[in-house]
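# Descriptive structure summary
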Amino acid sequence: MNYMPDNTIKEMFWTGESRLNRLRFLKRNLALAGFFFVTFFAICIALGITSGFDDITEETLMNHPAILFSVAALQIFCAVISYKLDVRRLKDLGKGKALAVINLICGLIGAGIVFVSILRLFISLYLLLAPGNKGANMY
């Protein structure tokens with residue numbers, strides 16, 4: 001299969017149909033992280049504006065129902081996009097979806113568990129550093 005550039009946002013992030021090399025995988029994950037942080041700060045600022053910034057502290061901000069719901073929805077959205085990127089990267093490595101599913105489940109469980117965080121770190125490093133298959137593979 002010859003390389004075909006991704007021209008749209010949907011092709012870049014929302015498909016699991018093609019392969020993804022290391023550099024594009026890194027760039028897209030950095031873009032996804034940037035999107036998450038910009039959106040998170042926009043949500044916090046919007047809450048501050050609507051409440052007049054009067055009673056907003058770090059503790060009340062992180063326990064506000066609107067923030068909790070918005071951030072949970074944002075995390076689920078980013079987890080799905082990350083899963084699709086992982087699947088495409090695994091296709092470039094000639095592997096199945098198993099590691100992507102494990103990484104998704106670990107991401108949804110949360111980062112507070114040390115074992116889960118270490119497992120995600122190793123999976124992410126593997127996806128980032130392992131060279132892809134030269135030429136065609138079964139994907």
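Before any of the text, the structure's been laid out above.
Residues numbered from 1 in each chain as written. Predicted model: local features only at pLDDT ≥ 70, side-chain atom pairs only at ≥ 80, totals over all residues. Heavy atoms only, no water.

### Examining the packing of aromatic side chains
Defined as follows: Think of it this way: a Phe, Tyr or Trp ring, Trp meaning its six-membered ring, pairs with another when their centres are within 6.5 Å, and the plane angle makes it stacked under 30 degrees, edge-to-face over 60, tilted otherwise. Numbering of helices and strands runs from the N terminus, with a helix taken as a DSSP run of H or I at least four residues long and a strand as a DSSP run of E at least two residues long. For every residue, the accessible area (1.4 Å probe, protein chains only) is compared with the maximum for its type, and the residue is labelled buried under 20%, exposed over 50%, or partly exposed between those bounds.
Under the criterion given, the structure shown has four aromatic pairs. Ring centres of Phe-36 and Phe-40 lie 6.4 Å apart, and the angle between their planes is 5 degrees; this geometry places the pair in the stacked category. Separated by four residues within a single helix, Phe-36 and Phe-40 lie in helix H2 (residues 22-51), roughly one turn from each other. Assigned by exposure class, Phe-36 and Phe-40 land together as buried. Here Phe-40 and Phe-41 contribute two aromatic rings whose centre-to-centre distance is 5.6 Å and whose plane-to-plane angle is 65 degrees, an arrangement assigned as edge-to-face. Taking relative accessible area as the criterion, Phe-40 reaches 16% and is therefore assigned buried.

### Considering the packing of helix H4 (residues 65-92) against helix H5 (residues 98-109)
Rules: Between N-to-C directions, angles span 0 to 180 degrees; the directions come from axes that are lines fitted to C-alpha atoms, helices contributing only their stretch in contact. What sets the label is the angle itself: under 35 degrees gives roughly parallel, over 145 gives roughly antiparallel, 65 to 115 gives roughly perpendicular, and the rest give oblique. Should the near helix be turned anticlockwise from the far one by less than a right angle, the crossing is left-handed, and should it be turned clockwise, the crossing is right-handed. In what follows, residue pairs with any heavy atoms lying within 4.5 Å of each other are defined as contacts. Residue polarity follows a fixed list, in which Ala, Val, Leu, Ile, Met, Phe, Trp, Tyr, Cys and Pro are nonpolar, Asp, Glu, Lys and Arg are charged, and the others, Gly among them, are polar.
Direction vectors running N to C along H4 and H5 enclose 160 degrees, while the axes themselves pass 9 Å from each other. On the basis of the axis angle, H4 is roughly antiparallel to H5. Note on packing geometry: the crossing formed by H4 with H5 is right-handed. Mapping the contact onto sequence places Ala-79, Tyr-83, Asp-86, Val-87 and Leu-90 in H4 and Leu-99, Ala-100, Val-101, Asn-103, Leu-104 and Leu-108 in H5. Looking at the contact of H4 with H5, its residues break down into nine nonpolar, one polar and one charged.

### Re the pattern of salt bridges
Counted only if it meets this: Whenever a carboxyl oxygen of Asp or Glu lies within 4 Å of a side-chain nitrogen of Lys or Arg, that contact is scored as a salt bridge.
What the rule picks out here adds up to two salt bridges. One salt bridge in this structure joins Arg-19 and Asp-92, with 3.0 Å as the shortest N-O distance. Linking Arg-19 in the loop between helix H1 (9-13) and H2 with Asp-92 in helix H4, this pair joins segments that are 73 residues apart in sequence. The partner of Asp-92 in a salt bridge is Arg-89, and the shortest N-O contact between them spans 2.6 Å. You can see Asp-92 and its partner Arg-89 sitting in helix H4, three residues apart, about one turn around the helix. Judged by relative accessible area, which is 9%, Asp-92 ranks as buried. One connected set of salt bridges, linked through shared partners, spans Arg-19, Arg-89 and Asp-92.

### Some remarks on the side chain of Asp-92
Operational definition: For the purposes of these results, a polar contact is taken to be a pair of N or O atoms within 3.5 Å, where, inside protein, one atom must be able to donate a hydrogen and its partner to accept one; residues adjacent in sequence count only when each atom of the pair is a side-chain atom.
Within polar-contact distance, the side chain of Asp-92 engages the side chain of Arg-19 at 3.0 Å. When sequence neighbours within four positions are dropped, the list of residues in contact with Asp-92 reads Arg-19, Leu-20, Asn-21, Gly-132, Asn-133 and Asn-137.

### Observations concerning H5
Selection rule: Here a helix's expected span is defined as the number of its residues, less one, multiplied by 1.5 Å. Picture the helix axis, draw a direction to every C-beta atom, and the arc is the one those directions span.
Taking 1.5 Å per residue, 12 residues should reach 16 Å; H5 reaches 17 Å between its end C-alpha atoms and fits that length. The set of residues buried in H5 consists of Ala-100, Asn-103 and Cys-106. Relative to the axis of H5, the buried residues are bounded by an arc of 130 degrees and lie together on one face. With respect to the buried face of H5, the exposed residues turned more than 90 degrees away are Ala-98 and Leu-108. Summarising the contacts, the buried residues of H5 are in contact with H4 and helix H6 (114-129).

### Regarding the environment of Ala-46
Within the fold, Ala-46 resides in helix H2. The partly exposed category is assigned to Ala-46, whose relative accessible area is 39%. Taking the C-alpha atoms as reference points, Ala-46 and Ile-67, separated by 21 residues in sequence, lie 9.8 Å from one another.

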